[in-house]
Amino acid sequence: MTTPPIRIGRYRWTICALLFFATTVNYLDRQVLSLLHPMLEDEFNWSYTDYSNILAAFQLVYALSMLFAGRIVDRLGTKWGFAVSIVLWSVAAMLHALAIPVGEAGVAVLGIFGITGISASVVGFVIARALLGFGESGNFPAAIKATAEYFPKKERSFATGIFNSGTNVGAILAPLTVPWLALNWGWQSTFLIIGAVGFLWLGFWFTLYEKPARQRRLSAAERAYIQSDEQAVEVPADQEEVQAERVPWIRLLGYRQTWAFALGKFLTDGIWWFFLFWLPAYLKAQYGMEGTAIMLPLVVLYSMTMFGSIGGGWFPVYFMRKGYAPYDGRMRAMLVIALFPLVVLAAQPLGHISYWIPVVLIGIGASAHQAWSANIFTTVSDMFPNFTVGSVTGIGGMAGGMGGVVVSKLGGAVFDHYDALGKLDTGYTIMFSICAVAYLVAWLVMKSLVPRMKLVRLSTRRRTP
């Protein structure tokens, strides 16, 4: 008589669902401004450089905060680190509704120091976006840490792909809701309503999340499955924050694995943010589309990215089943993924036929980014012990944010330059070309730094990399 198989349990997927919804809210709050940009541009007479400065404020503060966010999450623990983050970014998202009075106060303060001639609207949105960047910086370090806690390595990229698809759902929900809310309630109310959603998630988080060692809803079989990696070095829950505190950033920067992750993020994160923040402006500039007219194209485009996020998380499993180590299998998958954004090179040359051609081609590129993102995040938990995952993710997030600043500032300068020449389409051709090749460049850099799987072994005592 055969013994029936042991049922492992599936509570870890409940945690994955929480991470998915948090990431959805994160990107929903993040995208409101880009969808309102055509309206705000007309109301406040913004230039492309003004808009790029507002975007850069978010990305710069987000980048710098990611470094500290990862460390704070490691020290506070996933539960409280995530909670503090979502409260901060939800309040900041709602503050956008008060951007004008905040900006007027900011201009008055700057005037004391002799700085004049700055638009109050730009100052107000810069302040609001900077605070949003500070709050949102905790999402991915906390989510990656929670994934490392609740999933064995063979499932982490798939789980990361699922929760990372929340970025796509947020990007889809935003054009379905924001233009309608703005049309019927005004742009201020839109920021208030969307920003308040994060507080709803918070109640579920406190009710359902606890560390696996203390999680009463987790069966013994599932807990053992989560900890089943042969090479895993388990750290007692009460010692994890102590170890995290004793591993300084400078020590983590001594590892090539950290630099591979950070440079990969630097070279590619800005591409996704370009697609996220500039596409409504692109549709207006190239096709005269704004308001509710942009809803369907953006929904179609961001719906395509769902396939990349989930499929990209599953793809490395094909190579792992063939015997490759997690990192090596992931890098093979990422090489294939890096080829897909090349289709974006055809967006402008073929865009005169129909706006649907660039929408679909950019959608393929954006989908490839999500597949790339699901895997590059997971390279951290492949190679680093759990108690440093938040910190390393924060370092990479900072690098990615700085890459976003570079792309945003470059885009604003390029668009203003070519708009003045009456050749704005050339500006978009240049930016789309950068977007197309960035992933291959990033893969080559990562592969040269870490050619093969190599675990980082850390203890509370200093060791030479």
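Treat the numbers as computed from the prediction; the structure is a model and nothing was measured.

Caption draft 1: Representation of the side chain of T190 within the structure. By the secondary structure assignment, T190 is in helix α9 (residues 187-195). We classify T190 as buried; its relative accessible area is 0%. Look past the residues within four positions of T190 in its chain and what remains in contact with it is V32, V178, L181 and A182.

Caption draft 2: Local environment of the packing of helix α1 (residues 11-44) against helix α14 (residues 256-287). Packing of α1 against α14 brings their axes to within 9 Å, and their N-to-C directions diverge by 25 degrees. By the angle between their axes, α1 is roughly parallel relative to α14. Considering how the two elements wind past one another, α1 and α14 form a crossing that is right-handed. Of the residues in α14, those in contact with Y27, R30, Q31, S34, L35, H37, P38, E41 and D42 of α1 are W272, W273, L276, F277, P280, A281 and K284. Taken together, the residues of the contact of α1 with α14 sort by class into nine nonpolar, three polar and four charged.

Caption draft 3: Molecular detail of unusual backbone geometry. Even without being a glycine, N45 presents a positive backbone phi close to 60 degrees. In this fold, N45 is placed in the loop between α1 and α2 (48-76). Given the relative accessible area of 66%, N45 is considered exposed.

Caption draft 4: The arrangement of a nonpolar patch on the surface in detail. Side chains of F68, I72, L76, W80, V84, L88, F134 and F206 sit close together on the surface and give an oily, nonpolar patch of about 760 Å² of accessible area. Sorting the residues of the nonpolar patch by element identifies α2 and α3 (78-95) as the ones contributing at least two each. With respect to the secondary-structure elements, F206 resides in helix α10 (residues 197-208). By relative accessible area, which is 32% here, F206 ends up partly exposed.

Caption draft 5: The arrangement of the environment of M66 in detail. Among the secondary structure elements, M66 is positioned in helix α2. M66 gets classed as buried once you look at its relative accessible area, which sits at 1%. For the pair M66 and A105, spaced 39 residues apart in sequence, the C-alpha to C-alpha distance is 28 Å. Among all residues touching M66, those that are not within four sequence positions of it are S137, P141, T393, G394, I395, G397 and M398.

Caption draft 6: Here's a closer look at the environment of E210. Summarising the element assignment, E210 is placed in the loop between α10 and α11 (220-226). A relative accessible area of 21% means that E210 is categorised as partly exposed. C-alpha of E210 to C-alpha of G77: the two residues are 133 residues apart in sequence and 10.0 Å apart in space. In this view, E210 contacts K79, Y150 and Q215; residues no more than four positions away in its chain are not counted.

Caption draft 7: Highlighting the pattern of salt bridges. In this structure the tally under the stated criterion is ten salt bridges. When the shortest N-O distance is used, the salt bridge between E149 and K211 registers 3.2 Å. Taken together, the residues span a long stretch of sequence, with E149 in helix α6 (residues 139-150) and K211 in the loop between α10 and α11 at a distance of 62 residues. One exposure class covers both E149 and K211, and it is buried. We note a salt bridge from E210 to R214, for which the minimum N-O separation is 4.0 Å. Residue classification places R214 among the partly exposed positions, given a relative accessible area of 46%.

Caption draft 8: Representation of the packing of α2 against helix α18 (residues 386-420) in the model. Closest axis-to-axis distance for the α2/α18 pair is 7 Å, and the angle between their directions is 175 degrees. Classified by the interaxial angle, the pair formed by α2 and α18 is roughly antiparallel. Considering only residue class, the contact of α2 with α18 consists of 15 nonpolar, 15 polar and five charged.

Caption draft 9: Quick look at the environment of G170. Its location among the elements puts G170 in helix α8 (residues 166-185). Classification of G170 by relative accessible area gives buried; the value is 0%. On a C-alpha basis, the gap between G170 and N26 in space is 7.4 Å, while along the polypeptide they are 144 residues apart. Once residues lying within four places of it in the same chain are set aside, the contact partners of G170 are T24, Y27, L28 and Q31.

Caption draft 10: Looking closely at the confidence of the model for the protein. Chain-level pLDDT for the protein is 87 on average; 93% of the residues reach the 70-or-more range. Of all the helices and strands in the protein, helix α12 (residues 237-245) carries the lowest mean pLDDT, 46, while helix α19 (residues 424-449) carries the highest, 96. Here residues 1-5 scores under 50 on pLDDT; set against residues more than four positions off or in separate chains, the count is zero contacts. In the model, residues 230-242 has pLDDT below 50 throughout and makes 17 contacts with residues more than four positions away in sequence or in other chains.

Reading guide: rules and limits
- Residues numbered from 1 in each chain as written.
- Predicted model: local features only at pLDDT ≥ 70, side-chain atom pairs only at ≥ 80, totals over all residues.
- Heavy atoms only, no water.
- Helix = DSSP H or I, 4+ residues; strand = E, 2+ residues; numbered from the N terminus.
- Buried < 20%, exposed > 50% of the residue type's maximum accessible area, 1.4 Å probe, protein only.
- Contact = heavy atoms within 4.5 Å.
- Axes fitted to C-alpha atoms, helices over the stretch in contact; angles between N-to-C directions.
- Parallel < 35°, antiparallel > 145°, perpendicular 65-115°, else oblique.
- Left-handed = near helix turned anticlockwise from the far one by under 90°.
- Nonpolar A, V, L, I, M, F, W, Y, C, P; charged D, E, K, R; others polar.
- Patch = residues over 30% accessible without salt bridge, like charges linked within 9 Å, V, L, I, M, F, W, Y side chains within 5 Å.
- Areas by Shrake-Rupley, 256 points an atom, 1.4 Å probe, with all protein chains shown as cover.
- Salt bridge = Lys/Arg side-chain N within 4 Å of Asp/Glu carboxyl O.
- pLDDT = per-residue confidence, 0-100.

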